[in-house]
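# Summary of structural features
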Amino acid sequence: MKVCIAEKPSVAREIASILGANSRRDGYFEGNGYQVTWTFGHFCTLKEPHEYSPQWKRWALEVLPMIPPRFGIKLIENDGAVKQFGVIESLIAKADEVINCGDAGQEGELIQRWVLQKAQCKVPVKRLWISSLTEDSIREGFGNLKDQATFDKLYEAGLSRAIGDWLLGMNATRLYTVKYGQNRSVLSIGRVQTPTLALIVNRQLEIENFKPEQYWELKTVYRETTFSATKGRFTSKEDGEKFLEEIKQSDFEVTDVTIKKGEELPPRLFDLTALQVECNKKFSFSAEDTLKIIQSLYEKKLTTYPRVDTTFLSDDIYPKVPAILQGLAGYEELVKPVLAAKIPKSKKVFDNSKVTDHHAIIPTGVRANNISENERKVYDLVTRRFIAVFYPNCKIATTTVLGEANKVEFKVTGKQILEPGWRVVFEKQANTQDDDSEKEKDDDNILPQFEKGETGPHVPALNEKWTQPPKYYTEATLLRAMETAGKLVDDDELRDALKENGIGRPSTRAAIIETLFKRNYIRKERKNLYATQTGVELIGTIKEELLKSAELTGIWEKKLRQIEKNEYDPRQFIDELKQMLSEIVTNVKNDWGSRITIEEAVKEEVAKPKKKTTKEKKSASEKKPREKKESRKKDPVLCPLCKKGYVLRGKTAYGCSEWKSGCPFRLPFDDLEENLSDEKLRVFLNEKFG
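### A few points about the environment of Ile 5
Here Ile 5 is to be found in strand β1 (residues 2-6). Spatially, the C-alpha atom of Ile 5 lies 9.7 Å from that of Ile 92, the residues being 87 residues apart in sequence.

### A closer look at unusual backbone geometry
For the bond from Leu 64 to Pro 65, the omega torsion is 0°, close enough to zero to count as cis. The backbone phi angle of Gln 120 is positive, close to 55°, even though this residue is not glycine. Looking at where Gln 120 falls in the secondary structure, it is placed in the loop between α3 (106-118) and β8 (125-127). What makes Gln 120 exposed here is its relative accessible area of 60%. Phi at Asn 370 takes a positive value of approximately 50°, unusual for a residue other than glycine. Within the fold, Asn 370 resides in the loop between α11 (332-339) and α12 (373-388).

### A short note on the side chain of Asn 171
Mapped onto the elements of the fold, Asn 171 is located in helix α5 (residues 152-180). According to the relative accessible area criterion, Asn 171 is buried, its value standing at 0%. Excluding residues within four positions of it along the chain, Asn 171 makes contact with Leu 64, Pro 65, Met 66, Trp 166 and Leu 581.

### Considering the sheet that holds β1
Spatial ordering of the open sheet is given by β2-β3-β4-β1-β7-β8-β9, a layout of 7 strands whose pairing is mixed. Only two strands of the sheet have a single neighbouring strand rather than two, namely β2 (23-25) and β9 (146-147). Sheet topology note: the β2/strand β3 (residues 28-31) ladder contains 3 bridges and is antiparallel. Note that in β3 the partner of Arg 24 across the bridge is Phe 29. Packed on one face of the sheet, helix α2 (residues 79-94) meets β1, β3, β4 (34-38) and β7 (97-101) and runs near 155° to β4. Against the sheet, α3 engages β1, β7 and β8, with an angle of about 150° to β7.

### Quick word on the packing of aromatic side chains
Counting across every chain of the model gives 23 aromatic pairs. The interplanar angle of 75° and the centroid separation of 6.0 Å between the aromatic rings of Tyr 52 and Phe 71 together place this pair among those described as edge-to-face. Of this pair, Tyr 52 sits in the loop between β5 (44-46) and β6 (73-75) while Phe 71 sits in the loop between β5 and β6, and the two are 19 residues apart along the sequence. For Tyr 52, a relative accessible area of 22% corresponds to the partly exposed category. One aromatic cluster in this structure is built from Tyr 222, Phe 227, Phe 252, Phe 410 and Phe 450. Positioned above the aromatic ring of Tyr 473, the side-chain terminus of Arg 203 is 4.2 Å from the ring centre.

### Things to note about the nonpolar core
Core analysis: the largest hydrophobic core is formed by 150 residues, its most contacted members being Ile 15, Val 36, Leu 325 and Phe 386. Broken down by element, the residue count for this core peaks at 11 residues, all from α5. Excluding residues that lie within four positions of it along the chain, Phe 386 makes contacts with Leu 269, Leu 313, Val 321, Ile 324, Leu 325, Leu 328, Ile 362 and Pro 363. Counting 19 residues, the second largest nonpolar core, distinct from the first, contains Trp 216, Phe 227, Phe 252 and Val 254.

### Overview of the pairing of strand β18 (residues 528-531)
Summarising the sheet, strand β17 (residues 522-525) and β18 pair through 4 bridges and their orientation is antiparallel. Of the residues in β18, the one forming a bridge with Lys 524 is Leu 529. Counted along the chain from β17 to the antiparallel partner β18, the turn is 2 residues long, and its residue Arg 526 has a positive phi close to 55°.

So, how was this worked out
- Residues numbered from 1 in each chain as written.
- Predicted model: local features only at pLDDT ≥ 70, side-chain atom pairs only at ≥ 80, totals over all residues.
- Heavy atoms only, no water.
- Helix = DSSP H or I, 4+ residues; strand = E, 2+ residues; numbered from the N terminus.
- Buried < 20%, exposed > 50% of the residue type's maximum accessible area, 1.4 Å probe, protein only.
- Contact = heavy atoms within 4.5 Å.
- Pairing = 2+ DSSP bridges.
- Axes fitted to C-alpha atoms, helices over the stretch in contact; angles between N-to-C directions.
- Phe/Tyr/Trp six-rings, centres within 6.5 Å; stacked < 30°, edge-to-face > 60°.
- Lys NZ or Arg CZ within 6 Å of the ring centre and 35° of its normal.
- Core = buried A, V, L, I, M, F, W, Y, C linked by side-chain atoms within 4.5 Å.

Structural data, given as structure tokens:
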């Protein structure tokens, strides 16, 4: 029997249907020699510190750094996961062969490998590797199954990432919490999270410390066209006025007209980051929202695998393009001219050297029925980009006009579209244009016809201006900064080169930003991202550049990518992290830095009292004195901070019953025993808070 393990039930259902495994069992499908089962995301995780050593249960400086001699995995504490893992384990025990049908990426590989290890799989394992969930793609994938060993380096990269995140996250979080957190809240430190926060904090401080400087610009209007003086800015108003007086009495003369013809390439196909950026700009979707939407479109077989960092297609997609285009319902008029001739095969679109695991995000050609409004918006973006890359280049003419008045030189540049080419694909999107699109339209600046030597009256003016600070990050600009390790660039080629050193991966960046919100390190106003006082002070407290530098974190990311390509030893990566950790722990222990202000954010995690029935309310009012006596008899655990309230158990943390009155006490369940008795909890709190 062949056992297939998918990453979620919906994918397992699709695979089972295609393989003929049509009999539904408890936790799997069966038939035609196959059993198709599933996980639902992470079933296994690295063990907690106290599971390696009992002394690591305490949050104390003297036990740091915590570096296990060998890392181990465990099943997550979730009843549903435990039950489904039992199904997987029993199926693998009787299997002749296992087929790993997990998500075709680094994280998907790690998830499935850990499950196979935990289930002690001893039989041969094959790997299904596909880029879309259409029937053709799944059949093609099963016809071309690969040996699991082919993806060993991908797994090693994922494992190195997980171990690296454990080492840095567990140690640095405890280190900074105990040293600077006032015993009030966890100060979360992460390999990608902290440098991302540093980008936001540094930009915010740059803006707050910015000192505007006054300057003046000399411009003149001739034939309803604004020309700018080539001298640039004047730092002195007197200098500007001197030139203004000189040209007031003179006519304006056109001294040169240059027309340069050129072509604009279609915009690149989407990778995940580019799609998240575009959706944030056009629709104000968060990165997390966009990822959920494009994942949903993938699972509905409408678009290809979304967690990608390339904007290119592999050569094997080229023969499939006509069929995909023909299947795009609602886009027939745009597709017709492309199918009327031989479809071009441009190196700007098809390049095997730029594609690793998966190609750019494109539509599959499956008819898009029954999708939500937001899914339609994202699908439309992906589809129009795909159609546009097969259109001709947009032909433009750039016109530069030079002029002068009393020997003071002026210049204006404008652009004229001669043949729209690919631009016609986006004409119907005018109603979704944002401020950036309007700016692009202004930049086109269509000029009237000018002749060299013509002269006439003009209206000069000296305009007072002030230098402007950089803009706050939005999710769109932050994603770009993460992609290029803090270097904001517009050029696609340069951005491709910088991606090697980007921080995080396309699939994790949205979650990192969401984590910063949840930790109350950042907040959002309209589209702008601001660091909270806690976020600012945390970055200010961290002296170690390795922890907060986007550039240095980008170097770690590059090494992880090299591990994936078998160009770097994973053991060396972990050894470097261990060495770095030891240095950081020593430095922080010896630091006399100040404490960090804690701004509590998530109070809803504290359990709310259960609503009482009318009968219970009546009973309670009649027996109030007795209830107080009962309460004293139970001897509730006193809050270690306010000393007034008592400790409540919430869904994910302990909190104080006086939280509404402002008590900030919150203690996550991380590293605590499950269902601590009151007595054990009291002992733990005494140890931690004194």
